[in-house]
Amino acid sequence: MNGRPLSLTRPANRTGEPEPLRHVIDQYKHREQTITCVCGWHGSCATNSTGGSDWTTHLNQFRTKRK
């Protein structure tokens, strides 16, 4: 240990650009297998015939490039 406290927050965005909205679960209902995103999107998290879900499709539509 070096005596410094650990920071549990992310460093500030140094580019001055606002960070894009992150699409995360705001509400999840297990029995109904539905998700409400913080952006207001509402849909199913149940897998469909392609092996994904409506939620996965929603996330992929708004995925940004990783740094």
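Quick note: structure is the one above.
Residues numbered from 1 in each chain as written. Predicted model: local features only at pLDDT ≥ 70, side-chain atom pairs only at ≥ 80, totals over all residues. Heavy atoms only, no water.

Engineer: Sorry if this is basic, but what is going on with the environment of His30 here?
Structural biologist: For His30, the location among the structural elements is in the loop between strand S1 (25-29) and strand S2 (34-37). A relative accessible area of 60% means that His30 is categorised as exposed. The spatial distance from the C-alpha of His30 to the C-alpha of Cys45 is 9.3 Å, given a sequence separation of 15 residues. For His30, the side chain forms a polar contact with the side chain of Tyr28, separated by 3.2 Å. (Helix = DSSP H or I, 4+ residues; strand = E, 2+ residues; numbered from the N terminus. Buried < 20%, exposed > 50% of the residue type's maximum accessible area, 1.4 Å probe, protein only. Polar contact = N/O pair within 3.5 Å; in protein donor to acceptor, adjacent residues only side chain to side chain.)

Engineer: How should I be thinking about the packing of aromatic side chains in this particular structure?
Structural biologist: The geometry of an aromatic ring pair is captured by the separation of the ring centres together with the interplanar angle, meaning the angle of the planes. For the structure shown, the criterion picks out 1 aromatic pair. Residues Trp41 and Trp55 carry aromatic rings whose centres are separated by 5.6 Å and whose planes lie at 40 degrees to one another, so their mutual orientation is tilted. With Trp41 in the loop between S2 and strand S3 (42-44) and Trp55 in helix H1 (residues 54-62), this pair connects stretches of sequence that are 14 residues apart. Relative accessible area serves as the criterion here: at 21%, Trp41 is assigned to the partly exposed category. (Phe/Tyr/Trp six-rings, centres within 6.5 Å; stacked < 30°, edge-to-face > 60°.)

Engineer: Help me understand the pairing of S2 in this model?
Structural biologist: In summary, the side chains of a regular strand alternate between the two faces of the sheet. Going residue by residue along S2, you find Thr34 and Thr36 tucked away on one face and Ile35 and Cys37 tucked away on the opposite face as well. In this structure, the hairpin formed by S1 and S2 is closed by a connection of 4 residues, where Gln33 is found at a positive phi of approximately 55 degrees. Hairpin connection from S2 to S3: 4 residues lie between these consecutive antiparallel strands, with Gly40 at a positive phi of about 110 degrees. (Pairing = 2+ DSSP bridges.)

Engineer: Honestly, the side chain of Ser53 in this entry has me stumped. Any pointers?
Structural biologist: Note on placement: Ser53 falls in the loop between S3 and H1. Within the structure, the side chain of Ser53 is placed 3.1 Å from the side chain of Thr56, a separation counted as a polar contact. Beyond its immediate stretch of four places on either side in the chain, Ser53 contacts Ser44, Cys45, Ala46, Thr47 and Asn48. (Contact = heavy atoms within 4.5 Å.)

Engineer: How should the sheet that holds S1 be read in this particular structure?
Structural biologist: The pairing of strands in a sheet comes from backbone hydrogen bonds and takes either a parallel or an antiparallel form. Taken together, 3 strands build an open sheet; the order of strands is S1-S2-S3 and the sheet is antiparallel. Each end of this open sheet is capped by a strand with a single partner; those strands are S1 and S3. Taking each pair of neighbouring strands and ignoring which way they run, the sheet shows an average axis angle of 25 degrees. Here 3 bridges tie S2 to S3, and the two strands are oriented antiparallel to one another. Residue pairing in the sheet places Thr34 in a bridge with Ser44 of S3. Contacts between H1 and the sheet are confined to S1, S2 and S3, with S2 contributing the most and set at about 25 degrees to the helix. (Axes fitted to C-alpha atoms, helices over the stretch in contact; angles between N-to-C directions.)

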